[in-house]
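# Residue-level structure breakdown
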Amino acid sequence: MCTTISISAKFTCTRTCKSKYQKKQKMLIPAAVPFKHCTELPKNGISFTDLRLDEIVDRQSRQANNNLLSTSSSSAKGLISNYNNNQKIVFNPRFLDEAYERCRNICAAYAKTFYLERQKAIWSIYVWCRRTDELVDGPNAPHMNDAVLDRWQERLENIFSGCPYDMLDTALTDTVKKFPIDIKPFKDMIQGMRMDTRKCRYQTFEELYLYCYYVAGTVGLMSVPVVGVASESLTKIHNIYEAALNLGIGNQLTNILRDVGEDALRGRVYLPQDELAQFGLRDEDVYSRTVSDKWREFMKQQITRARFFFSKAEEGASQLDAASRWPVWTSLLLYREILDAIEDNNYDNLTKRAYVGRTKKFLMLPLAYSRAVSEPKIT
């Protein structure tokens, strides 16, 4: 899996590709509608209702005051004993500072593109996502099974109940008590890990979209309560969450396109099989690493789709709290540059890895800042 929080590909899938996720999803339009008609792009996804995301928006949109907790001094071990849902959890300030510092260090090591936007709460969310991804993408990936993910989900539930297992869990426990963050996006990401160990191919974009939601769109939903919404924004909160979801989808699609060659070496093809067939392509063409005219035309279509999701994400980026806009815009623009880099490589993402150099990244910062300081538009 090449998620928004990871640039590496998954281990080779050696098991039979069977998954409950192959069940046809309820779509806004028939899956047969050709993607090449750009006017149909907004409809080539799964609705909020089908993904049950409205409940996330409703719960996370409630007043955060009900979830705010003090962080006064605690026991020498850092944790209060006999915690229950009717008590306030309190961490030793020095213990908590070290927990967040460890999260910051991990972010600095892994999240080079996203580092500017990370503050303490985002660090803790990022680290949890990173650790979740490592379960199926790290050194112990060959030993992955449902029991491991079951245990990880139990730890997640303990985090939200105020009973962290280790120091990194502690930082997230503190975060979810300070912000109105719902557990469902976290559970959905774990579901994405299950999906990734069972599925080797994606027959349609609708299937791939669902995968992208689980492993990346969820990150946007986790983050909105932390980055905040501008007080002057008149946009419906539902639209802002949708924009965050679109940013996650766009990022994940970009990761997939950037890592096609690397994934192929591991027996993974994160591309819609039906759309490959429309261009006369098969998995064997991906494995052969031959950049043909057919491949270039296919890639143009895929890049157009990713850019569409970034365009939709823009509609919500300027509605965020002023302090959060710059890093979010920076992320959005830098990921777009990866798509430009694929084009600059003449659509060769089979033998070359598209990347954005440091100079270009630096030059993008003023543009991101200018977008960030713009007044939120009324939508």
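Refer to the structure presented above.
Below: a short report on this structure. Along each chain, numbering runs from 1 in the same order as the chain's sequence is written. Owing to the predicted nature of the model, reporting of local features is limited to residues with pLDDT of at least 70; listing and counting of side-chain atom pairs is limited to 80 or more, with chain, interface and lining totals taken over all residues. With hydrogens and water excluded, all non-hydrogen atoms of the structure serve as input to the side-chain values.

### Concerning the packing of aromatic side chains
Note the cut-off: Each pair of aromatic rings taken from Phe, Tyr and Trp, with Trp reduced to its six-membered ring, is defined by centres within 6.5 Å and is described as stacked if the planes are under 30 degrees apart, edge-to-face if over 60, and tilted in the remaining cases. Strands are runs of DSSP state E lasting at least two residues, helices are runs of H or I lasting at least four, and both sets are numbered from the N terminus onward. Partly exposed residues are those whose accessible area sits between 20% and 50% of the maximum for their type, while under 20% is buried and over 50% is exposed, using a 1.4 Å probe and protein chains only. Both a distance and an angle decide whether a charge sits over a ring: NZ of Lys or CZ of Arg must be within 6 Å of the ring centre and within 35 degrees of the ring normal.
Under the counting rule described, the total for this entry stands at 13 aromatic pairs. Between the aromatic rings of Phe205 and Phe309, the centroid separation amounts to 6.3 Å while the plane-to-plane angle is 40 degrees, which identifies the pairing as tilted. You can see Phe205 sitting in helix H8 (residues 205–227) and its partner Phe309 sitting in helix H13 (residues 293–317), a full 104 residues away along the chain. Both residues of the pair, Phe205 and Phe309, count as buried. Look at Tyr209 and Phe309: their rings are 6.0 Å apart centre to centre, the planes differ by 40 degrees, and that puts the pair in the tilted class. Taken together, the residues Tyr209 in helix H8 and Phe309 in helix H13 connect sequence positions 100 residues apart. An aromatic cluster is defined as three or more aromatic residues linked by ring pairs; in this entry it consists of Trp128, Trp152, Phe160 and Phe186. Looking at Arg151, its charged tip hangs above the ring of Tyr165, at a distance of 5.7 Å from the centre. Taking the ring centre of Phe205 as reference, the NZ or CZ of Arg305 above it sits at 3.7 Å.

### Observations concerning the pattern of salt bridges
Just so we agree on the cut-off: A side-chain nitrogen of Lys or Arg and a carboxyl oxygen of Asp or Glu constitute a salt bridge if their distance falls within 4 Å.
A complete count under the given rule lists 26 salt bridges for this structure. The salt bridge involving Asp146 is made with Arg194; its shortest N-O contact spans 3.6 Å. With a gap of 48 residues between them, Asp146 in helix H5 (residues 146–161) and Arg194 in helix H7 (residues 184–198) connect regions that are remote in the sequence. Classification of Arg194 as buried rests on a relative accessible area of 9%. Measuring nitrogen to oxygen at the nearest pair gives 3.8 Å for the salt bridge that ties Glu284 to Arg282.

### Let's talk about the environment of Ser292
As for its placement among the helices and strands, Ser292 is situated in the loop between helix H12 (283–287) and H13. Once the C-alpha coordinates of Ser292 and Tyr347 are considered, the two residues, 55 residues apart in sequence, prove to be 9.4 Å apart.

### Quick notes on helix H4 (residues 120–137)
Going by this rule: One less than the residue count of a helix, multiplied by 1.5 Å, gives the span that helix is expected to have.
Here H4 is 18 residues long and its end C-alpha atoms lie 25 Å apart, about the 26 Å a rise of 1.5 Å per residue gives. With 15 of 18 residues buried, H4 lies mostly within the body of the structure.

### A look at the nonpolar core
We apply this condition: For our purposes a nonpolar core is just a set of buried Ala, Val, Leu, Ile, Met, Phe, Trp, Tyr and Cys residues, chained together by side-chain atoms within 4.5 Å. Should any heavy atoms of two residues lie within 4.5 Å, those residues are counted as being in contact.
Core analysis: the biggest nonpolar cluster contains 86 residues, and Trp128, Tyr213, Leu271 and Trp295 have the highest contact counts within it. Residue contributions to this core peak at 16 residues, all from H8. With sequence-adjacent residues up to four places away left out, Tyr213 is seen in contact with Leu51, Leu53, Ile56, Lys184, Asp188, Thr218, Leu221, Leu245 and Ile249.

### Let's talk about unusual backbone geometry
Despite not being glycine, Arg289 shows a phi value in the positive range, around 60 degrees. Within the secondary structure, Arg289 is located in the loop between H12 and H13. Since its relative accessible area comes to 27%, Arg289 is described here as partly exposed. Despite not being glycine, Tyr347 has its phi angle at roughly 65 degrees, a positive value. Mapped onto the fold, Tyr347 is located in the loop between helix H14 (322–344) and helix H15 (358–372). A relative accessible area of 13% means that Tyr347 is categorised as buried.

### Description of the environment of Ser311
Note that Ser311 resides in helix H13. A sequence separation of 61 residues divides Ser311 from Gly250, and the C-alpha atoms of the two residues are 9.1 Å apart.

### Here's the deal with the packing of H8 against helix H9 (residues 237–258)
Rules: Each axis is a line fitted through C-alpha atoms, taken for helices only over the stretch in contact, and angles between the N-to-C directions span 0 to 180 degrees. Should an angle fall under 35 degrees it is taken as roughly parallel, and over 145 as roughly antiparallel, whereas 65 to 115 is taken as roughly perpendicular and any remaining angle as oblique. Left-handed describes a crossing in which the near helix is turned anticlockwise from the far one by less than a right angle; the clockwise case is right-handed. Three classes are used, and their members are as follows: Ala, Val, Leu, Ile, Met, Phe, Trp, Tyr, Cys and Pro are nonpolar, Asp, Glu, Lys and Arg are charged, and the others, Gly among them, are polar.
As a packed pair, H8 and H9 sit with axes 7 Å apart at the nearest point and diverge in direction by 125 degrees. As far as their axial angle goes, H9 and H8 are oblique. The two elements H8 and H9 cross, and the hand of that crossing is right-handed. Counted by class, the contact of H8 with H9 contains 18 nonpolar, 4 polar and no charged residues.

Remember that the coordinates give geometry; whether it matters functionally is a separate question.
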